[in-house]
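One-letter residues, chain by chain:
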Amino acid sequence: GWPFPPGVILQNLGLYPQGLAFVLVIDSTIALVRAKPASPVSFLKQRYFSRGARAALLSRLPLIAILCLFLPLFALLKPLIPHFNPYSWDAAFIAWDQALLGGYDAWVIMQPLLGYPIVTSALAIAYHAWFLLIYPFGLFVLVHPAARHIGREFLLAYLATWIGVGFLLAMAMSSVGPVFLEPIMGDPRFAPQMAYLNEAAKSFPIPVLDVQDMLLQQYLANGPGKGTGISAMPSMHMALCMLSWLAARRIAPALARGLLVFMIVIWIGSVHLAYHYAVDGLVSIIVVAAIWKASCWVIARWDAYLAKSGAGQAVLRTNTVPAE
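Treat the numbers as computed from the prediction; the structure is a model and nothing was measured.

## Considering the packing of helix H14 (residues 236–248) against helix H16 (residues 278–309)
The geometry of H14 relative to H16 is characterised by a closest axis approach of 8 Å and an angle of 40 degrees between their N-to-C directions. By the angle between their axes, H14 is oblique relative to H16. As for how H14 packs across H16, the hand of that crossing is right-handed. Counted together, Met238, Ala239, Met242, Leu243, Leu246 and Ala247 of H14 and Gly281, Ser284, Ile285, Val288, Ala289 and Trp292 of H16 form the full contact between these two elements.

Structure follows, in structure tokens:
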């Protein structure tokens, strides 16, 4: 009975042209630096507007359409998590963290190294940069010549990650995370961590605090089913980082190394900024690794089936004789 407002779709669609523009700026800059063409305009025209480039883009439009229409669905599903399964798993995840970390909460162990406002601010900015993996990176994998060979595997794993990790597992292990433990569950365990974050924001900007407050106010005002949703386990930040790294390993080693570093930073930031427990990221890594392997297997089996049946071979048929 929850509505599916068109505004959610339109808002999401508006982000894809921006993501594509970001990809084009980065790609064209790298291409120009490498090629050093005598005529940059002619070079870019051939690169992006040749017949082959247009055909390649058109062949990917169905995949891009799926990508564009799917995320609004997830945006409406996530707030429903506590409606289906009330938040109840936080105590278990706190115990898991302590079991792995010698009886300590993860943020307490990190605090001597990270507990400086300028470090916290840098982690918060990096945490927001994660959105580049949702829009530009997804488009990059689908449309760029260097990545299109894994486009179908990536899209299948991408959709399975959002649904399986971001909704189904999040619903099964419904939890709010450290930042919301006191205001929603009444447990002040992480009050000292939040006190540090708010004090650090007086020295350097900590943009995640505004987002956290927005999420909380929407939840308190509207209850389950509306707003943008609250969920800690598993971490979608870590899930998408893991998926992007796995895909990048099949595209470019340098890109993969950069994404691996980014994933580590996001994992650390997710704990330090009070969004997640340490085990939230660990579960995401394990589950997404399985999803990626399964997606690659499915696509390989599908291609093998098409090759065996002959359905994968493009054939032009006349009224009487098939011609190659």
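## Overview of the side chain of threonine 161
Mapping threonine 161 onto the fold places it in helix H10 (residues 151–172). Accessibility expressed as a relative area gives 0% for threonine 161, which makes it buried. Apart from residues no more than four positions distant in its own chain, threonine 161 is found in contact with Gly166, Met236, Ala239, Leu243, Val288 and Ile291.

## Section: the nonpolar core
Membership of the largest hydrophobic core comes to 88 residues, with the highest contact counts inside it found for Trp130, Tyr158, Trp162 and Trp292. Tallying contributions element by element places H14 first for this core, with 11 residues. Among all residues touching tyrosine 158, those that are not within four sequence positions of it are Leu67, Leu71, Ile134, Leu240 and Leu243.

## Considering unusual backbone geometry
A cis amide bond, omega -10 degrees, links methionine 233 with the succeeding residue proline 234. Take proline 234: it is sitting in the loop between helix H13 (208–222) and H14. Backbone geometry places lysine 36, a non-glycine residue, at a positive phi of 50 degrees. As for its placement among the helices and strands, lysine 36 is situated in the loop between helix H2 (15–35) and helix H3 (40–49). By relative accessible area, which is 65% here, lysine 36 ends up exposed. Even without a glycine there, the phi angle at alanine 274 is positive, about 75 degrees. Within the secondary structure layout, alanine 274 lies in the loop between helix H15 (253–272) and H16. Residue classification places alanine 274 among the buried positions, given a relative accessible area of 0%.

Thresholds applied
- Residues numbered from 1 in each chain as written.
- Predicted model: local features only at pLDDT ≥ 70, side-chain atom pairs only at ≥ 80, totals over all residues.
- Heavy atoms only, no water.
- Axes fitted to C-alpha atoms, helices over the stretch in contact; angles between N-to-C directions.
- Helix = DSSP H or I, 4+ residues; strand = E, 2+ residues; numbered from the N terminus.
- Parallel < 35°, antiparallel > 145°, perpendicular 65-115°, else oblique.
- Left-handed = near helix turned anticlockwise from the far one by under 90°.
- Contact = heavy atoms within 4.5 Å.
- Buried < 20%, exposed > 50% of the residue type's maximum accessible area, 1.4 Å probe, protein only.
- Core = buried A, V, L, I, M, F, W, Y, C linked by side-chain atoms within 4.5 Å.

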